[in-house]
Amino acid sequence: MKTEFIPIDYDYFDFEGRNYIKIIGKTEKDKRICVIDSCDVYFWAILKEKIRQKEIEKLIEKISKIKLDVKGRQTKVEKIQICSKKFMGKEITALKIFATNYKDLHDIADKLGMPEIEKRRGYDLGFISHYIIEKNIVPLCWYKIEGDIIDNTTEFNGIANSFDVDFCIKAENIVPLKKEEFSPKVLAFDIEADEFKIGEGEILMISLVSENFKKVITWKKCKGKEFPDVECVKDEAELLERFAEIVKEISPDFITGYFSDGFDLPYIKSRADKCKIKLNIGVDGSSIKFSKGIMTTSHINGIVHIDLLRFIQTAYSQYMSSETLSLNEVANEFLGERKKEFEFKHSSKISGDEWEKYFEYNLHDSVLTYKLFKKIWPDLLEFSRIMQEPVFDVSRNGMSRNVEDYILHNLSKFNEIPEKRPTYDEIGERRKRGKYEGAFVLGPKAGLYENLSAFDFTSSYGSVIVTYNLSRSTFLEKPEENSYSTEISNKKVYFSKSPGFFPQMLKEIIEKRRIYKDELKKKPDAIKRARSNAFKLLANASYGYQGFFGARYYCEEAAAATASFARRAIKEAMEKTNNAGFSVIYADTDGFAFTLNKNSKQKTLDFLKKLNSELPGIMELELEDFYKRGIWVTTRTGEFGAKKKYALISEEGKLKIRGFETVRRDWCTLAREMQNNVLLMILKEGNEKNALEYIKKIVKEVKERKIDLKKMVIRTQMKKPLSEYKAITPHVIAARKMQEREIPFSAGSLIEYYISETTTGNKSKLIRDKVKLVDENGEYNLEYYLKHQILPAVENILQVFNVDIHVILDGKKQMTLGEF
DNA sequence: GACTGAACTATACC
DNA sequence: ACGGGTATAGTTCAGTC
């Protein structure tokens with residue numbers, strides 16, 4: 001039997017003590033296929049230097065005799081090879097020790113306490129990763145496979161017969177194909193339940209959306225009236241059974257939800273248990289499975305479950321403008337569509353005609369989730385192909401884990417043996433380390449500037465790591481001549497000039513990023529965009545990776561040296577810029593802004609070329625833009641120019657605002673909108689005149705209570721469980737009020753409240769004692785909003801023009817508390 | 001009870 | 001526990017006078 005196939009989901013099982021991989025994939029004819037394969041199982045024993053051949057042979061003989069009987073398995077060392085390998089860039093001799101079962105490698109490694117053995121490595125990758133590396137069967141890439149069909153046979157105790165697939169193949173030969181296109185079958189779903197806590201309320205309805213398929217299943221208010229796309233069942237138990245049936249009927253490659261790892265699937269399972277319903281939706285007939293770490297992960301055998309929220313969190317959130325990652329905001333940003341409006345009520349309080357709206361709301365959530373999946377699919381696909389790990393894992397891993405997967409899957413090009421994961425104690429030690437010196441930030445002189453430009457280092461920290469060869473394996477314990485050297489916390493560190501595998505891999509990542517970015521410019525498509533983006537994210541995360549305590553290739557010295565070399569680079573570039581007749585106004589980490597003075601744009605570009613010709617290695621500066629005007633303000637105390645706070649306007653009139661209250665979600669809408677308008681007026685017009693009139697108008701409206709309470713709402717995130725707060729802040733009070741009223745929230749929720757006028761008898765000076773929830777009756781606190789929201793938002797901006805806003809509004813300087 | 005600096009907290013920048 | 005360090009600023013807490 002021969003067929004083309006694309007691997008989607010990986011699993012493994014043991015048969016007669018050996019490991020077998022089970023890949024669920026699709027054929028070119030869109031048949032679901034199960035591929036069973038195996039690979040060599042081994043790990044490495046790295047030998048100490050200068051061990052003689054005779055001693056090695058003795059050692060091999062000893063190790064060959066190792067037999068284990070653990071957990072009812074009999075494992076033994078089956079074969080040993082002597083290999084010339086590299087570990088941390090150093091040439092070493094290693095024994096490749098083959099054994100029966102991957103899960104026992106750790107136990108065998110524990111038996112290798114012989115003095116000739118320096119280190120044991122390569123037993124902690126997990127069997128699936130080990131298999132992918134060993135056989136090079138990369139997820140979501142096409143292969144041609146040859147092998148016997150084992151359906152209706154007794155192979156592996158007839159395991160194939162229990163899989164709900166079109167056919168099962170025992171692989172004989174697998175070769176890669178050039179083909180790339182793959183459009184999976186996707187099913188999106190969403191549930192509505194009465195209680196927020198998992199399993200505590202009844203599931204009222206479940207919506208399901210796939211290609212040419214949409215449906216709401218419900219057992220509520222179904223009699224009599226007919227609703228489009230709504231299927232009625234008898235009760236919750238039947239609802240759950242119908243859900244399982246439809247999943248099996250549609251038989252998707254992917255099932256997707258939004259926060260479905262932590263909500264929808266756990267809820268469904270919990271209710272199914274209560275109703276005594278078996279949800280045998282896995283291809284092997286198994287139910288939903290959960291693994292609980294810091295976050296719950298929900299797994300269905302053979303159908304890849306993707307929680308879009310998890311992937312968006314790691315891959316996108318950094319670059320998104322949404323203030324929360326709610327489905328509503330994310331769908332709006334990615335698709336330009338919002339959720340339907342529906343006011344939540346307990347089902348017992350929903351009246352007859354409201355149900356139809358509820359059904360529509362529920363269905364639309366699945367529609368949005370389905371569309372989001374389709375939109376994000378190219379990124380999931382490319383992440384999986386580039387990291388070479390199953391899309392299930394890649395969609396949930398953080399960026400440091402993605403960097404690590406990329407490294408582990410590319411080590412063989414360097415003949416490198418993988419480093420082990422740090423132990424619990426090692427992580428503890430690393431975490432105890434204090435901070436090292438990070439980025440350089442130039443404090444600006446507050447003011448309004450005209451005719452500006454900005455330069456940035458492209459993939460700044462990444463190109464520093466490549467240029468100066470900074471990594472664990474190139475770090476030199478002792479000073480060496482002809483090495484890269486810099487000072488970190490009064491200590492000199494040295495890095496070899498002989499290219500290390502980490503910087504080399506990163507160099508390739510940055511090059512690929514450049515190539516795909518160029519290709520994308522020439523002929524845009526979603527896959528190129530995703531590929532370019534994935535390499536960009538990898539490049540940006542690799543600096544953080546080397547400084548991350550959980551990393552296999554952790555190297556504090558490399559991380560600190562990266563920051564150090566980057567500081568040097570930006571300072572040198574700034575100095576040259578000043579010397580060339582420009583004036584640097586501000587700098588942060590890897591970019592700086594300056595006024596052109598008498599230089600033309602062309603001269604600026606020529607100067608950029610000259611700067612670049614003088615930069616070492618792959619370091620490169622690029623033009624960010626030219627700006628008509630820019631404003632920098634002082635800190636609140638008024639002593640210095642504030643860092644990380646400025647606004648620029650491009651020649652096309654586009655604003656670039658950083659750090660101001662406008663971009664902070666924990667300020668009320670009124671203050672943010674007003675500040676944004678003030679900045680726009682000032683930067684457009686070059687003076688404060690109109691802005692001042694505008695501010696006066698707003699203040700008047702506030703005093704006359706003409707402002708909608710909605711614009712006064714303050715949103716603050718709960719960063720931890722309510723009980724863990726030491727300081728009782730306004731948002732803690734708001735959360736306590738929510739708790740009393742049984743409004744659901746948890747760590748991570750945005751808490752909404754406003755500051756109200758004091759009721760009679762409340763003499764407290766604390767702001768928290770004036771906190772009211774949004775739906776609580778009351779009036780906004782005039783004094784608070786003027787003094788704590790409106791004025792602070794514009795005070796420092798006007799100070800640039802030597803205008804004291806207090807004088808303008810009250811005719812006198814700001815009163816001290818004593819004067820009140 | 002007024003005042004002040006430290007502690008706690010959230011959020012942004014790159 | 002699930003990249004890093006740098007920075008601003010608000011509110012409360014705890015101590016002093």
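What you see is a predicted model; the values in this text were computed from it and never measured.

In the region of DNA strand B, 21 residues are neighbours, and Asp590, Tyr646, Lys720, Tyr725 and Lys726 sit closest. Restricting attention to atoms of DNA strand B within 4 Å of the protein, one finds that 91% of them are sugar or phosphate atoms. Interatomic distance of 2.9 Å between a backbone N/O atom of Gly659 and a phosphate oxygen of DNA strand B. Separating a phosphate oxygen of DNA strand B from a side-chain N or O atom of His731 is a distance of 2.9 Å. Counting residues per element, the ones that place at least two in the surface near DNA strand B are β27 (641–650), β28 (655–658) and β29 (714–717). For the surface near DNA strand B, a count of residues per class yields five nonpolar, five polar and 11 charged.

Below, the discussion takes up the nonpolar core. Residues Ile63, Leu95 and Phe592 are the most contacted members of the largest nonpolar core, which totals 167 residues. Ranked by the residues each element gives to this core, the list is headed by helix α8 (residues 354–387), at 17 residues. Beyond its immediate chain neighbours, meaning those up to four positions away, Ile63 contacts Val77, Ile80, Leu95, Ile97, Leu112, Met114 and Ile117.

Looking now at the protein's contact with DNA strand C. Around DNA strand C sit 32 residues in total, of which Gly438, Arg636, Lys643, Arg768 and His788 are the nearest. Lys643 is positioned such that a nitrogen or oxygen atom in its side chain is 2.7 Å from a phosphate oxygen of DNA strand C. Measuring from a phosphate oxygen of DNA strand C, one finds a backbone N or O atom of Ile728 at 3.4 Å. Secondary structure elements with two or more residues in the surface near DNA strand C: α10 (399–410), α14 (526–546), β27 and α20 (782–799). A breakdown of the residues in the surface near DNA strand C according to their chemical character gives 15 nonpolar, eight polar and nine charged.

Our focus in this paragraph is helix α1 (residues 53–64). With 12 residues, α1 should reach 16 Å at 1.5 Å per residue; the first-to-last C-alpha distance of 16 Å fits that figure. Three or more residues of α1 are buried, namely Ile56, Leu59, Ile60 and Ile63. The arc that holds every buried residue of α1, seen down its axis, measures 100°, which confines them to one face. The exposed set on the far side of α1, more than 90 degrees from its buried face, consists of Lys54 and Lys58.

Ordered in space as β1-β2-β3-β10-β9, the five strands form a closed barrel in which the pairing is mixed. Mean inter-strand twist for the sheet, computed between neighbouring axes without regard to direction, equals 45°.

When you tally the buried positions in strand β2 (residues 18–27), you get nine out of 10 residues, the bulk of the element. Bridge count for strand β1 (residues 2–15) against β2 is 10 bridges, and the pairing is antiparallel. Considered in β2, the bridge of Phe5 is made with Thr27. Linkage of β1 to β2, two consecutive antiparallel strands, is achieved through a turn of two residues, within which Glu16 is found at a positive phi near 50°. By the bridge criterion, six bridges tie β2 to strand β3 (residues 32–37) in an arrangement that is antiparallel. Note on β3: the bridge partner recorded for Ile23 is Val35. A loop of four residues connects β2 with β3, the two strands running antiparallel in sequence, and Asp30 in this loop sits at a positive phi of about 65°.

Attention now goes to the packing of α8 against α14. Contact geometry for α8 and α14: axes closest at 8 Å, N-to-C directions at 55°. By the angle between their axes, α8 is oblique relative to α14. Note on packing geometry: the crossing formed by α8 with α14 is right-handed. Residues Pro378, Asp379, Leu381, Glu382, Phe383, Arg385, Ile386 and Met387 of α8 touch α14, and the partners they reach there are Ala526, Ile527, Ala530, Arg531, Asn533, Ala534, Phe535, Leu537 and Leu538. Of the residues contributing to the contact of α8 with α14, the split by class is 12 nonpolar, one polar and four charged.

Our next topic: the side chain of Thr297. Assignment of secondary structure puts Thr297 in strand β17 (residues 296–299). Non-local contacts of Thr297, meaning those with residues more than four positions away in its chain, are made with Asp261, Lys289, Phe290, Ser291, Arg310, Phe392 and Arg396.

With that out of the way, let us pick up unusual backbone geometry. One non-glycine residue, Ser459, adopts positive backbone phi at about 40°. Among the secondary structure elements, Ser459 is positioned in the loop between β20 (447–457) and α12 (460–467). Residue classification places Ser459 among the partly exposed positions, given a relative accessible area of 22%. Positive phi outside glycine occurs at Lys644, with the angle close to 60°. Looking at the secondary structure, you find Lys644 in strand β27.

Where strand β16 (residues 289–292) and β17 come together, four bridges link them in antiparallel fashion. Within the sheet, the bridge partner assigned to Lys292 lies in β17 and is Thr296.

What counts, and at which threshold
Residues numbered from 1 in each chain as written. Chains lettered and ligands numbered in written order. Predicted model: local features only at pLDDT ≥ 70, side-chain atom pairs only at ≥ 80, totals over all residues. Heavy atoms only, no water. Near = heavy atom within 4 Å. Polar contact = N/O pair within 3.5 Å; in protein donor to acceptor, adjacent residues only side chain to side chain. Helix = DSSP H or I, 4+ residues; strand = E, 2+ residues; numbered from the N terminus. Nonpolar A, V, L, I, M, F, W, Y, C, P; charged D, E, K, R; others polar. Core = buried A, V, L, I, M, F, W, Y, C linked by side-chain atoms within 4.5 Å. Buried < 20%, exposed > 50% of the residue type's maximum accessible area, 1.4 Å probe, protein only. Contact = heavy atoms within 4.5 Å. Expected span 1.5 Å × (residues − 1). Arc of directions from axis to C-beta. Pairing = 2+ DSSP bridges. Axes fitted to C-alpha atoms, helices over the stretch in contact; angles between N-to-C directions. Parallel < 35°, antiparallel > 145°, perpendicular 65-115°, else oblique. Left-handed = near helix turned anticlockwise from the far one by under 90°.

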